Amino acid sequence: MNRPVEYDRGAVASLLLVGTLVLAPVALVLGVRGLRRTGSGRSRGRWCAVLGVIGGGLGIVAMIGGLWLGSWFRDNVRPVDDLAVGDCVSPGFDLDDLATEDVAFGSRSCSEAHLAEVAVTGTLDYSQAESFALRSGAEICANRYAEPYLSAAESARYDVLVVLDGDPDRASYGDTYACLLLRADGTSLHEPIGGRGA
């Protein structure tokens, strides 16, 4: 009586490891080994090895994509409390809406097209927090500009948008805010506001 051909342990392990993204490379290697061993007919489980190779390969691609995306976000997307005066940004929200919680900004080189430039940053004191929802951006940022932003803010060419790292309807003491200057006509900036032709 012939003994039944057993499943290849590597092929089965490869299939089981596909579910763990971190071990995708191991699943791929075990799947390739399982393909070799099951191809000769010495053991069963070729389908496990095939699925292990496919899943391991897809897992590796997903890991690389995740690392790239995380790196891209780290380098290009910044929260309000990470903004600094002179940063050129494109807000990641509709400019018709005032800032909401977790607003993120796409960083831009000031020589590339961008929607706004950070002119003032700070944290709200008690009186600013109490009246935040009732005051315009121009009022909140007034008397806080340094040149060249003071001249730009006082001109009709630029609008002021205030963004808050928190809920603008419930502003709190210590919330970080930033005053952004953007063109009143809605067109993009291509240079720093202090540069010629900005």
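Residues numbered from 1 in each chain as written. Predicted model: local features only at pLDDT ≥ 70, side-chain atom pairs only at ≥ 80, totals over all residues. Heavy atoms only, no water.

Across its full length, the chain holds six helices and six strands. Taken from N to C terminus, the helices and strands of the chain fall in the order α-α-α-β-β-β-β-α-α-α-β-β. Per-residue burial for the chain yields a buried fraction of 36% across its 198 residues. By sequence separation, contacts in the chain at least 24 residues apart represent 68% of the contacts at least 6 residues apart. Put simply, the chain shows about 11600 Å² of open surface, and 56% of that area lies on carbon and sulfur atoms. (Helix = DSSP H or I, 4+ residues; strand = E, 2+ residues; numbered from the N terminus. Buried < 20%, exposed > 50% of the residue type's maximum accessible area, 1.4 Å probe, protein only. Contact = heavy atoms within 4.5 Å. Areas by Shrake-Rupley, 256 points an atom, 1.4 Å probe, with all protein chains shown as cover.)

Before going further, it helps to spend a moment on a nonpolar patch on the surface. On the surface, Y7, W47 and L51 cluster together to form a nonpolar patch covering roughly 320 Å² of accessible area. Mapped onto the elements of the fold, W47 is located in helix α3 (residues 46–76). (Patch = residues over 30% accessible without salt bridge, like charges linked within 9 Å, V, L, I, M, F, W, Y side chains within 5 Å. Salt bridge = Lys/Arg side-chain N within 4 Å of Asp/Glu carboxyl O.)

Let's shift gears to the environment of G45. Summarising the element assignment, G45 is placed in the loop between α2 (24–39) and α3. For G45, a relative accessible area of 6% gives the class buried. With 38 residues separating them along the chain, G45 and Y7 place their C-alpha atoms 5.2 Å apart. Excluding anything up to four places from it in sequence, G45 contacts Y7, A11 and T38.

Here we come to helix α1 (residues 9–17). Turning to α1, its buried residues are G10, A11, S14 and L17. All buried residues of α1 project into a common sector of 130° when viewed along the axis, lining one side. Opposite the buried face of α1, at more than 90 degrees from it, the exposed residues are R9 and L16. (Arc of directions from axis to C-beta.)

As for its position among the elements, D87 is in the loop between β1 (77–79) and β2 (88–91). A distance of 2.8 Å separates the side chain of D87 from the backbone nitrogen of A84, its partner in a polar contact. (Polar contact = N/O pair within 3.5 Å; in protein donor to acceptor, adjacent residues only side chain to side chain.)

With 16 residues, α2 should reach 22 Å at 1.5 Å per residue; the first-to-last C-alpha distance of 22 Å fits that figure. Three or more residues of α2 are buried, namely A24, A27, L30, G31, G34 and T38. Considered in projection along α2, the buried side chains sweep an arc of 115° and stay on one side of the axis. Immediately downstream of α2, the backbone of G41 shows phi near 85°, a positive value. (Expected span 1.5 Å × (residues − 1).)

Look at the link from E147 to P148: it is a cis peptide, with omega at 5°. Take P148: it is sitting in the loop between α5 (137–141) and α6 (149–154). For N143, which is not glycine, the phi torsion reads 65° and is therefore positive. Tracing the chain through its elements places N143 in the loop between α5 and α6.

Another point: the pairing of strand β5 (residues 158–164). Of all the seven residues making up β5, five are buried; the element is thus mostly covered by neighbouring parts of the structure. Examined bridge by bridge, β5 and strand β6 (residues 176–183) share seven bridges and lie antiparallel to one another. Following the sheet pairing, V163 is matched in β6 by A178. (Pairing = 2+ DSSP bridges.)

It is worth spelling out the confidence of the model for the chain at this point. Predicted confidence across the chain gives a mean pLDDT of 77, with 83% of residues reaching 70 or more. This model gives residues 96–102 a pLDDT under 50, and the stretch forms eleven contacts once residues within four places in sequence are excluded. (pLDDT = per-residue confidence, 0-100.)

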